[in-house]
Amino acid sequence: MAVLPTAASFNTLVVASGAVPQTLTANVTSTGDNRLLVVQVTWYPETGNTVLDEGGYLESVTYGGVAMTLVSENFAGGKSNSIYYKIAPNTASTAIVATFNGVDTLSMTASLGAVRCSGAHQTTPIAQSGVATGISGTITKTLTTASVNNLLIDGALLDRGGGTSVPTKHASQTLQISSLVGTGASRHYELMSTKAATGGSDTMSWTQTGAAAWATIVLELAAAAAEVPVGASPTQIMFGGV
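On a predicted model such as this, the values are computed, not experimentally measured, just so you know. (Residues numbered from 1 in each chain as written. Predicted model: local features only at pLDDT ≥ 70, side-chain atom pairs only at ≥ 80, totals over all residues. Heavy atoms only, no water.)

Strand order in the open sheet formed by 5 strands is 10-17-12-15-14, and the pairing between neighbours is antiparallel. Of all the strands in the sheet, the pair left with one neighbour each is strand 10 (126-134) and strand 14 (174-181). Each neighbouring strand pair of the sheet contributes to a mean axis angle of 10 degrees, computed without reference to strand direction. Relative to strand 15 (residues 188-196), strand 12 (residues 151-158) is paired through 8 bridges, and the arrangement is antiparallel. Counterpart to Leu151 in the pairing with strand 15 is Ala196. (Pairing = 2+ DSSP bridges. Helix = DSSP H or I, 4+ residues; strand = E, 2+ residues; numbered from the N terminus. Axes fitted to C-alpha atoms, helices over the stretch in contact; angles between N-to-C directions.)

Formed by 20 residues in total, the largest nonpolar core has its most connected members in Ile96 and Phe100. Within the residue set of this core, elements represented by two or more residues are strand 2 (22-28), strand 3 (36-45), strand 4 (57-63), strand 8 (94-101) and strand 9 (108-118). Formed by 16 residues, the second largest nonpolar core is a distinct cluster that contains Val3, Cys117, Ile153 and Ile177. (Core = buried A, V, L, I, M, F, W, Y, C linked by side-chain atoms within 4.5 Å. Buried < 20%, exposed > 50% of the residue type's maximum accessible area, 1.4 Å probe, protein only.)

Let us look at the packing of aromatic side chains. Under the defined criterion, the tally for this structure stands at 1 aromatic pair. A cation over a ring is seen here: Lys79 above Tyr44, with NZ or CZ 3.7 Å from the ring centre. (Phe/Tyr/Trp six-rings, centres within 6.5 Å; stacked < 30°, edge-to-face > 60°. Lys NZ or Arg CZ within 6 Å of the ring centre and 35° of its normal.)

A few words now on the pairing of strand 15. The element strand 15 is largely enclosed, with a buried count of 8 among its 9 residues. Sheet analysis places strand 14 next to strand 15, joined by 7 bridges and oriented antiparallel. Its bridge partner being in strand 15, Leu175 is matched across the sheet by Ser193. Counting the residues in the hairpin turn of strand 14 and strand 15 gives 6 residues, including Gly182, whose phi is positive at 85 degrees.

Mapped onto the elements, His121 comes out in the loop between strand 9 and strand 10. A polar side-chain atom of His121 sits 3.0 Å from the main-chain amide nitrogen of Thr123. Reaching out from His121, the side chain makes a polar contact with the backbone nitrogen of Thr124 at a distance of 3.1 Å. When sequence neighbours within four positions are dropped, the list of residues in contact with His121 reads Ala222, Ala223, Ala224 and Ala225. (Polar contact = N/O pair within 3.5 Å; in protein donor to acceptor, adjacent residues only side chain to side chain. Contact = heavy atoms within 4.5 Å.)

Phi is mostly negative for residues that are not glycine, and the peptide bonds are mostly trans. Its identity is not glycine, yet Asn34 carries a phi of approximately 50 degrees, on the positive side. As for its placement among the helices and strands, Asn34 is situated in the loop between strand 2 and strand 3. Even without being glycine, Ala88 reaches a positive phi, approximately 55 degrees. The topology assignment puts Ala88 in the loop between strand 7 (79-87) and strand 8.

Have a look at this one:
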């Protein structure tokens with residue numbers, strides 16, 4: 001069996017002003033065997049400054065009070081885009097909490113998307129990852145994938161700002177999240193999609209109707225290793241989902 005997405009969740013936080021830290025929470029319930037949770041966090045200050053100019057920062061992302069593992073972070077139009085993961089998330093409802101800190105009054109928009117998967121490797125679930133950014137044109141990143149049992153997942157940010165650009169996923173991808181968040185200069189799309197790997201050159205892409213800045217992170221999720229039958233030689237081990 002292959003890695004399969006089972007469900008997606010999404011939540012946003014809009015803070016006009018106020019004391020920090022500020023937190024953004026989403027409660028998720030995972031299902032299936034060999035579970036994996038992939039979380040994308042995007043945020044931008046309402047002031048119109050960039051993430052770095054504002055002085056605020058994403059302090060932590062936790063699952064059930066335990067820090068999640070950061071895969072990568074990149075930026076578009078001063079907005080931050082990052083992806084985290086958790087191996088073996090609970091089958092009971094559990095809180096993902098993103099905490100923002102760094103200044104006395106933080107005006108910001110943040111969003112948190114989560115895709116739950118089953119059939120994922122429980123030791124090294126991230127076979128590889130790649131990042132890309134651009135100031136216009138197609139949101140795109142290509143990876144040479146390792147197995148047809150694996151799953152590609154992307155987390156992209158499109159800097160809508162005061163523009164009108166609208167993203168559309170490639171027909172080969174399954175939509176998980178596409179949400180426009182924020183107002184004015186802070187507006188941006190948080191985008192997540194999935195598709196089965198081919199074991200060759202695989203591209204995750206979104207077209208846009210305008211010419212806005214973008215950032216994307218693409219992960220290849222490794223399938224769970226099959227159990228070795230009693231008496232089997234190492235050459236009989238098969239790679240796939242359990």
